[in-house]
Amino acid sequence: DQQVKQNSPSLSVQEGRISILNCDYTNSMFDYFLWYKKYPAEGPTFLISISSIKDKNEDGRFTVFLNKSAKHLSLHIVPSQPGDSAVYFCAAKADTGKLIFGQGTTLQVKP
Amino acid sequence: EAEVAQSPRYKITEKSQAVAFWCDPISGHATLYWYRQILGQGPELLVQFQDESVVDDSQLPKDRFSAERLKGVDSTLKIQPAELGDSAMYLCASSLLGWGNTGELFFGEGSRLTVL
């Protein structure tokens, strides 16, 4: 029973364009949602988060949107840069503090 | 900048052997997590500690896996005996509180296990 799903295994965009990564969840009790970025052979690094009471959070080139009625969140990267090429994980925070992760989306930004 | 330390970075072992991974969380972080990430999948929680107590080990295969955090600081994850399906990245993470915060976990660089 996958509580957090990223249905797109990969995404390819041109440098300078917008990257949109999507995530769906099933549990309405999650109170925070997070995006992590992961390079090969490294641990995930935190990118941006959003509280379940918000619908948007922005940090520089990164914006996360939350649609609670649809149980859907998305990460927008504008403009995309080649250094953004990595695996992006969506995660939801449970009440114990643990994070439940999606399967990941591999983003490739082409120069 | 404070980091979560893990060792070894890479481990190759034969099936039925014992392996152990070590993690030192960021100083002052009471909550420690061990996650397993199989290639092509997201990290899955194996065990969560609050200080020295286990909060959640529901996904830990207890017949072969064990984890301890005796003094509430560093932690060891052990597998005995290792099986082929255990090949994965083992990630340690820590956070200040298990609840009431924004959820950010700080991850180490991971220990890559290959079982032959």
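Right above here is the structure, for reference.
Counting restarts for each chain: residues are numbered from 1 in the order of the written sequence. Written order decides the labels, with chains lettered from A and ligands numbered from 1. Only residues with pLDDT of 70 or above have their local features reported here, since the model is predicted, and side-chain atom pairs are shown and tallied only from 80 upward, although totals for entire chains, interfaces and linings are computed over all residues. Derived side-chain values reflect all non-hydrogen atoms in the structure, with water molecules and hydrogen atoms excluded from consideration.

A. Seen up close, the interface of chain A and chain B. For this analysis, residues touch if any pair of their heavy atoms sits within 4.5 Å. The interface is formed by 19 residues belonging to chain A together with 25 residues belonging to chain B. Taken together, the two surfaces of chain A and chain B that pack against each other cover about 1,700 Å², and 57% of this comes from carbon and sulfur. Whenever two N or O atoms come within 3.5 Å, that pair is a polar contact, provided that in protein one can donate a hydrogen and the other can accept it, and provided that, for residues adjacent in sequence, both atoms are side-chain atoms. The interface formed by chain A and chain B holds 6 residue pairs in polar contact (both at pLDDT 80 or more) in total. Contributions of two or more residues to the side of chain A that touches chain B are made by strand S4 (32-38), strand S9 (86-93) and strand S10 (99-101) of chain A. Strands are runs of DSSP state E lasting at least 2 residues, helices are runs of H or I lasting at least 4, and numbering of each runs from the N terminus. In terms of residue count, the dominant contributor to the side of chain A that touches chain B is S4(A) (4 residues). Residues are sorted three ways: Asp, Glu, Lys and Arg are charged, Ala, Val, Leu, Ile, Met, Phe, Trp, Tyr, Cys and Pro are nonpolar, and all the rest, Gly among them, are polar. Taken together, the residues of the side of chain A that touches chain B sort by class into 9 nonpolar, 5 polar and 5 charged. Buried area is a sum: the accessible area each of two parts loses on coming together, probed at 1.4 Å, counted once for each and added.

B. Structural detail: the sheet that holds strand S8 (residues 72-77) of chain A. Residues and elements named next belong to chain A. Should DSSP find at least two bridges between two strands, the strands are taken to pair. With antiparallel pairing, the 5 strands of this open sheet are ordered in space as S1-S3-S8-S7-S6. In this open sheet, the two edge strands, each paired with only one partner strand, are strand S1 (4-5) and strand S6 (56-59). Pairing analysis gives 6 bridges linking strand S7 (residues 62-67) to S8, with the strands arranged antiparallel. Considered in S8, the bridge of Val 64 is made with Leu 75.

C. Representation of the sheet that holds strand S3 (residues 19-24) of chain B within the structure. Residue and element names in this part refer to chain B. Strand order in the open sheet made by the 4 strands is S1-S3-S8-S7, with antiparallel pairing throughout. Strands with a single pairing partner mark the edges of an open sheet, and in this sheet they are strand S1 (5-7) and strand S7 (65-68). Going from strand to strand, the sheet's axes swing by 15 degrees on average, the running direction of each strand aside. As defined by bridge partners, S3 adjoins strand S8 (residues 75-79) across 5 bridges and the pair is classed as antiparallel. The residue of S8 that forms the bridge with Val 19 is Ile 79. Axes here mean lines fitted to C-alpha atoms, for a helix over just the part in contact, with angles spanning 0 to 180 degrees between N-to-C directions.

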